[in-house]
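Fold and contact review
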Amino acid sequence: MKLFARGRKEFVQRSVIRSDLRSLRAFHEGPGALQRLTPPGLPMKIVQDGRNSITEGDVLLRMGPGPFSLRWLARHGPGPTAFSFSDRLIDGPLAHWEHQHIFEPLEEGVALTDRISLEHRPGWRGLLTRLLFDGPTLSLLFRFRHWRTRKALEGPS
């Protein structure tokens, strides 16, 4: 087995939110949505936001502390359903990242599914991204995001 072998992976986080499609979409389109969905203390800054909507345009982020921050340029586009959207890494630390934000109506609300296809760079260059953008770290980030979305749209439990 090769150390830090290359290959695509898929991550999926799914939750049911007691809300409707329009409210879920509006929450993601609203001002400051990305900041609300970022855990406290996680150093992430929007450097430039060229999006016309959540389905069109680019956003440039810096993630990490000061001089050790990583540049992340993502292009937003439509998702697989009318109320969904996607973002794809154009320039950044990973070899590949495509994130689909999928909203599906259900009888009890809306299914929110984050589906991510990712690939690390080979060798030592991928070590940092394996720590930051894979496994337990990625799972914790999206559990927080789904919890935050649920709290915002469903109100206090």
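If you're wondering where the values come from, they're calculated on a predicted model, not measured in any experiment. (Residues numbered from 1 in each chain as written. Predicted model: local features only at pLDDT ≥ 70, side-chain atom pairs only at ≥ 80, totals over all residues. Heavy atoms only, no water.)

Here we look at the overall build of the chain
Defined as follows: Only runs of H or I of at least four residues qualify as helices and only runs of E of at least two qualify as strands under DSSP, and these elements are numbered from the N terminus. Values of the radius of gyration come from C-alpha atoms, whereas the globule rule sets the reference at 2.2 Å times the count of residues to the power 0.38. Accessible area is worked out with a 1.4 Å probe on protein chains only. A residue is then buried under 20% of its type maximum, exposed over 50%, and partly exposed in between. In these tables, accessible area is a Shrake-Rupley quantity obtained with a 1.4 Å probe, and a residue counts as shielded only by the protein chains included in the view. Residues scored as charged are limited to Lys and Arg (positive) and Asp and Glu (negative), so that His and the chain ends carry no count. Just so you know, the charge point we use is NZ for Lys, CZ for Arg, CG for Asp and CD for Glu.
Scanning the chain for helices and strands turns up 4 helices and 7 strands. Along the chain direction, N to C, the helices and strands of the chain fall in the order β-α-α-β-β-β-β-β-β-α-α. In terms of overall dimensions, the chain is globule-like: its C-alpha atoms have a radius of gyration of 16 Å, near the 15 Å expected for 157 residues. Projected onto its principal axes, the C-alpha coordinates of the chain cover approximately 45 × 35 × 30 Å. Within the chain, the proportion of its 157 residues that are buried is 42%. Here the chain displays about 9,100 Å² of accessible surface, and carbon together with sulfur accounts for 55% of that area. Measuring between centres, the 24 positive side-chain charges of the chain sit 7 Å from its 16 negative side-chain charges.

Thoughts on the sheet that holds strand 1 (residues 8–17)
Pairing between sheet strands relies on hydrogen bonds along the backbone, with the strands arranged either parallel or antiparallel. To be explicit about the condition: Any two strands with at least two DSSP bridges between them are considered paired. The axes used here are C-alpha line fits, helices contributing only the stretch in contact, and every angle between their N-to-C directions lies in the interval 0 to 180 degrees.
Spatially, 1-7-6-5-4-3-2 is the arrangement adopted by the 7 strands of the open sheet, whose pairing is antiparallel. Whereas interior strands pair on both sides, the edge strands pair on one side only; in this sheet they are strand 1 and strand 2 (44–49). Each strand axis lies, on average, 20° off the axis of its neighbour in the sheet, ignoring direction. For strand 4 (residues 70–78) and strand 5 (residues 85–91), the ladder comprises 6 bridges, and the chain directions are antiparallel. In the sheet register, Gly77 faces strand 5, and the bridge partner there is Ser86.

Let's talk about a nonpolar patch on the surface
Operational definition: To count toward a patch, a residue needs a relative accessible area over 30% and no salt bridge; like charges are then connected within 9 Å, while nonpolar side chains (Val, Leu, Ile, Met, Phe, Trp, Tyr) are connected within 5 Å. The term salt bridge refers to a side-chain nitrogen of Lys or Arg lying within 4 Å of a carboxyl oxygen of Asp or Glu.
A contiguous nonpolar patch, built from Leu127, Leu128, Leu131 and Leu132 and spanning about 350 Å² of accessible area, is present on the exposed surface. Checked against the element boundaries, Leu132 lands in helix 3 (residues 127–132). Look at Leu132 and you get partly exposed, because its relative accessible area is 39%.

These figures come from the coordinates and say nothing about function on their own.
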